[in-house]
Number of protein chains: 2
Amino acid sequence: MSALTRDANPPLTRSVEDYLKVIYHLSSQGGFATTSDIAAMLEVAPPSVSGMVKRLSDTGLIEHVPYRGVQLTAQGRREALRMIRRHRILELFLTQQLGYDWDGVHAEAERLEHAVSDGLIDRMASALGQPQYDPHGDPIPTAAGEIEETELVPLADAPVGAKLELRQVGTQDAARLRYLAEQGLTPGVLLVVSARQPFNGPTAIALVPSGDPRTVGRDLAQLLWCREVPVEGHGRPAA
Amino acid sequence: MSALTRDANPPLTRSVEDYLKVIYHLSSQGGFATTSDIAAMLEVAPPSVSGMVKRLSDTGLIEHVPYRGVQLTAQGRREALRMIRRHRILELFLTQQLGYDWDGVHAEAERLEHAVSDGLIDRMASALGQPQYDPHGDPIPTAAGEIEETELVPLADAPVGAKLELRQVGTQDAARLRYLAEQGLTPGVLLVVSARQPFNGPTAIALVPSGDPRTVGRDLAQLLWCREVPVEGHGRPAA
DNA sequence: TTAGTTTATTAGTGTACACTAACTCCGCTT
DNA sequence: AAGCGGAGTTAGTGTACACTAATAAACTAA
């Protein structure tokens, strides 16, 4: 045995943790995460992804269907959620206790999430009163690995007055994507639904925080999947 | 140019940061840090150190005298102090704000020091009121890279009543080292000077926290270099 | 001074990950 | 059905670091 008995559960590397996280995000709405989407999100070349995908499926963290994409296994999902818990608790801690603002936190948390121990995360969570939502309103997975599923609604169906975060754009059509980007409607933006015309009419919104108004036709609004953002801080969402 | 114009100041890697830190500690009392001492402190094999030493002196962070040892250049010292500042502020923050105790902090800080940004360290320092000493009483380098030199005194010269930390043993003699280790007198232990006999007599001490008494003869006491430990917490040392 | 021991260095490997260049598969058009 | 463009994969490299085995320099003790 000796050298043959390879370490059964080697700790995950930084890279592996990053890959699992983005695969989680990309495949959370059901489907497969594709090589090029992963490559784009991690800012690496597609062949690097192919290589890592091989390693990850060898270690049983993901399931790979060649030329189609990847999905997390139960184990991979567990690890991904552990990272997301770390990230979100860190973001909350940094904003609450150290005066970070929304923009600055992300990058800092991105680096720290790989270095903090689970024990430190738990202490931070205690210091914050076992919070359930991060500063962006996203749910924080529990230490046991459970997460409140955020259900997304098409902008077309969101109630007037709701504050939303645009999460997914349900099309691959380049013309549509380009148009939406021009309008500032890319995943991550916050907006408020200001009005909706009757009889399948367009939806009027205001971007947050700029306040810029936009009007989105029915068909496009159907493609814009949003998450309702709780308004009263981070303690608990708007039921 | 293009590919020839290599990144002038690539960020230091984790490993490099670790090497610089231990080289700083090993050479702080004047001399050279030897390959095997570095290897022992980092728990790597000596050839790994030789390899890294090559890289570090190529990048101008250390000065290498083959078969003798290494010393930090001004730039290397700057980086080492930056790491030590991070480490000590982290240790203080974790103990003060998150209830860590003396033993637990070190490992956590050891990992975090590579991941935190300078900005976060500054915020922590502010939150702690710009502290000058870490929980062990060691001085924290300033952001500008200055550190209060801790001067060491031989146990033989320390005033009765002083609380000391044993820092260096000024001999390589195996018999002496073994004897001192048997007595529990190894670098890092805390002790209080309880009495000293006149006419170059022995020094009586009590170990902290056990309280075990020891008596150390003049010659040995001359070899035990100690740092005076401030007693009132961490704000300011016993002038 | 020589022999033996310790310490340092070189040589050669392995692993994790990135990259570019070249090739292959898939799905869409015509 | 043929073919074409784009996404995916394979092949081959490079860098950072670790390791073991073999060699060389320096110290020490007879």
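Since the model is a prediction, treat every value here as computed from it, not as a measurement. (Residues numbered from 1 in each chain as written. Chains lettered and ligands numbered in written order. Predicted model: local features only at pLDDT ≥ 70, side-chain atom pairs only at ≥ 80, totals over all residues.)

Visitor: How do you make sense of the overall build of chain A when you look at a structure like this?
Guide: The helix and strand tally for chain A stands at 8 helices and 8 strands. When the 239 residues of chain A are sorted by exposure, 30% land in the buried category. (Helix = DSSP H or I, 4+ residues; strand = E, 2+ residues; numbered from the N terminus. Buried ≥ 20, exposed ≤ 12 C-beta atoms within 10 Å, placed from the backbone.)

Visitor: Sorry if this is basic, but what is going on with the protein's contact with DNA strand C here?
Guide: Neighbouring residues of DNA strand C: 20 residues in total, closest A:Thr13, A:Pro47, B:Thr34, B:Ser36 and B:Pro47. Elements with a contribution of two residues or more to the surface near DNA strand C: helix H1 (14-27) and helix H3 (46-58) of chain A together with helix H2 (35-42) and helix H3 (46-58) of chain B. Counting residues per element, the surface near DNA strand C draws most heavily on H3(A), which supplies 5 residues. When the residues that make up the surface near DNA strand C are grouped by side-chain class, the tally is 11 nonpolar, 8 polar and 1 charged. (Near = placed C-beta within 6 Å. Nonpolar A, V, L, I, M, F, W, Y, C, P; charged D, E, K, R; others polar.)

Visitor: Help me out: how do you make sense of the nonpolar core in this one?
Guide: Side chains that are nonpolar tend, in soluble globular proteins, to be buried together. Ranked by internal contacts, the top residues of the largest apolar core, which has 28 residues, are A:Ile89, A:Leu90, B:Ile89 and B:Leu90. When contributions to this core are tallied by element, the ones reaching two or more residues are helix H4 (74-98), helix H5 (102-112) and helix H6 (118-127) of chain A together with helix H4 (74-98), helix H5 (102-112) and helix H6 (118-127) of chain B. Setting aside chain neighbours within four positions, we find A:Ile89 in contact with A:Ile121, A:Met124, A:Ala125 and A:Ile140. (Core = buried A, V, L, I, M, F, W, Y, C linked by C-beta atoms within 7 Å. Contact = placed C-beta atoms within 7 Å.)

Visitor: Teacher, can you tell me more about the interface of chain A and chain B here?
Guide: For interface size, the figure often reported is the accessible area lost on association. The partner chain B presents 13 residues to the 13 residues of chain A that form the contact. Of all the secondary-structure elements, those providing two or more residues to the side of chain A that touches chain B are H5 and H6 of chain A. Ranked by residues supplied to the side of chain A that touches chain B, first place goes to H6(A) with 4 residues.

Visitor: Would you mind showing me how to read the sheet that holds strand S8 (residues 224-228) of chain B here?
Guide: Backbone hydrogen bonds are what pair the strands of a sheet, in a parallel or an antiparallel way. Residues and elements named next belong to chain B. With antiparallel pairing, 6 strands are arranged side by side in an open sheet as S3-S8-S4-S5-S6-S7. Strands with a single pairing partner mark the edges of an open sheet, and in this sheet they are strand S3 (153-154) and strand S7 (213-216). Of the pairings in the sheet, the one linking strand S4 (residues 163-169) to strand S5 (residues 190-196) comprises 3 bridges and is antiparallel in character. Looking at the pairing, lysine 163 lines up with valine 192 of S5. (Pairing = 2+ DSSP bridges.)

Visitor: Before we go on, may I ask you to explain the protein's contact with DNA strand D in this structure?
Guide: Among the 21 residues in the neighbourhood of DNA strand D, the closest are listed as A:Ser36, A:Pro47, B:Thr13, B:Pro47 and B:Ser48. Among the elements of the structure, helix H2 (35-42) and H3 of chain A together with helix H1 (14-27) and H3 of chain B are those that each provide at least two residues to the surface near DNA strand D. Here the surface near DNA strand D gets 5 residues from one element, more than from any other, and that element is H3(B).

Visitor: It is not clear to me how the pairing of strand S1 (residues 62-65) of chain A should be interpreted in this structure. Could you clarify?
Guide: Taken residue by residue, a regular strand's side chains alternate between the two faces of the sheet. Residues and elements named next belong to chain A. Two elements, S1 and strand S2 (residues 69-72), share 4 bridges in a ladder whose sense is antiparallel. Opposite glutamate 63, over in S2, you have glutamine 71 as the bridge partner. In this structure, the hairpin formed by S1 and S2 is closed by a connection of 3 residues, where tyrosine 67 is found at a positive phi of approximately 65°.

Visitor: Would you take a moment to explain the sheet that holds strand S8 (residues 224-228) of chain A for this structure?
Guide: Residues and elements named next belong to chain A. With antiparallel pairing, the 6 strands of this open sheet are ordered in space as S3-S8-S4-S5-S6-S7. Of all the strands in the sheet, just strand S3 (153-154) and strand S7 (213-216) have a single pairing partner and so form its edges. For strand S5 (residues 190-196) and strand S6 (residues 203-208), the ladder comprises 6 bridges, and the chain directions are antiparallel. Each residue of the ladder has a partner; that of valine 192, found in S6, is alanine 206.

Visitor: Can you help me understand H6(B) in this one?
Guide: The periodicity of an α-helix, 3.6 residues per turn, causes residues three or four positions apart to be oriented the same way. Residues and elements named next belong to chain B. Among all positions of H6, only Leu120, Ile121, Arg123 and Met124 are buried. Axial view of H6: buried residues confined to an arc of 160°, hence all on one face. The exposed set on the far side of H6, more than 90 degrees from its buried face, consists of Asp118 and Ser126. A positive backbone phi angle near 75° is found at glycine 129, which sits one or two residues after H6. (Arc of directions from axis to C-beta.)

Visitor: Explain the environment of B:Gln71 here, please?
Guide: Residue and element names in this part refer to chain B. For glutamine 71, the location among the structural elements is in strand S2 (residues 69-72). Each C-alpha atom of the pair glutamine 71 and arginine 111 lies 24 Å from the other, and the pair is 40 residues apart in sequence. In this structure glutamine 71 touches Ser27, Phe32, Ile62 and Glu63, once residues within four positions along its chain are discounted.

Visitor: Help me understand the packing of H1(B) against H4(B), please; the structure alone is not making it clear to me.
Guide: The axes of two packed helices give the description: the angle between them and the distance between them. Residue and element names in this part refer to chain B. The N-to-C vectors of H1 and H4 enclose an angle of 95°; their axes lie 9 Å apart at closest approach. The angle between the axes of H1 and H4 places the two elements in the roughly perpendicular class. Contacts from Glu17, Leu20, Lys21, Ile23 and Tyr24 in H1 reach Gly76, Arg77, Glu79, Ala80, Met83 and Ile84 in H4. (Axes fitted to C-alpha atoms, helices over the stretch in contact; angles between N-to-C directions. Parallel < 35°, antiparallel > 145°, perpendicular 65-115°, else oblique.)

Visitor: Help me understand the environment of A:Thr95, please; the structure alone is not making it clear to me.
Guide: All names here are of chain A. Position of threonine 95 relative to the elements: it lies in helix H4. For the pair formed by threonine 95 and aspartate 134, sequence separation is 39 residues and the distance between their alpha carbons is 9.6 Å. Residues in contact with threonine 95, not counting those within four places in the same chain, are Tyr100, Asp101, Val105 and Pro135.

Visitor: It is not clear to me how the confidence of the model for chain A should be interpreted in this structure. Could you clarify?
Guide: Close reading of the predicted structure is inappropriate where its pLDDT is low. Residues and elements named next belong to chain A. When the pLDDT values of chain A are averaged, the result is 87; 90% of them are 70 or greater. Contacts of residues 1-6 to residues separated by more than four positions or lying in other chains number 0 contacts, the stretch itself having pLDDT below 50. Confidence drops under a pLDDT of 50 for residues 233-239, and excluding neighbours within four residues, the segment shows 11 contacts in the predicted structure. (pLDDT = per-residue confidence, 0-100.)

Visitor: Would you explain H1(A) in this entry?
Guide: All names here are of chain A. For H1, spanning 14 residues, the distance from its first C-alpha to its last is 20 Å, which sits close to the expected 20 Å at 1.5 Å a residue. Taken together, the buried positions of H1 are Val16, Asp18, Tyr19, Leu20, Lys21, Ile23, Tyr24 and Ser27. Those residues of H1 that are buried are in contact with H2, H3, S1, S2 and H4. (Expected span 1.5 Å × (residues − 1).)

Visitor: What exactly am I supposed to notice about the environment of A:Val216 here?
Guide: Residue and element names in this part refer to chain A. Structurally, valine 216 is set in strand S7. Each C-alpha atom, one on valine 216 and one on isoleucine 205, is 7.8 Å from the other, the two residues being 11 residues apart in sequence. Those residues in contact with valine 216 that lie beyond four places of it in its chain are Leu155, Pro202, Thr203, Ile205, Ala221 and Leu224.

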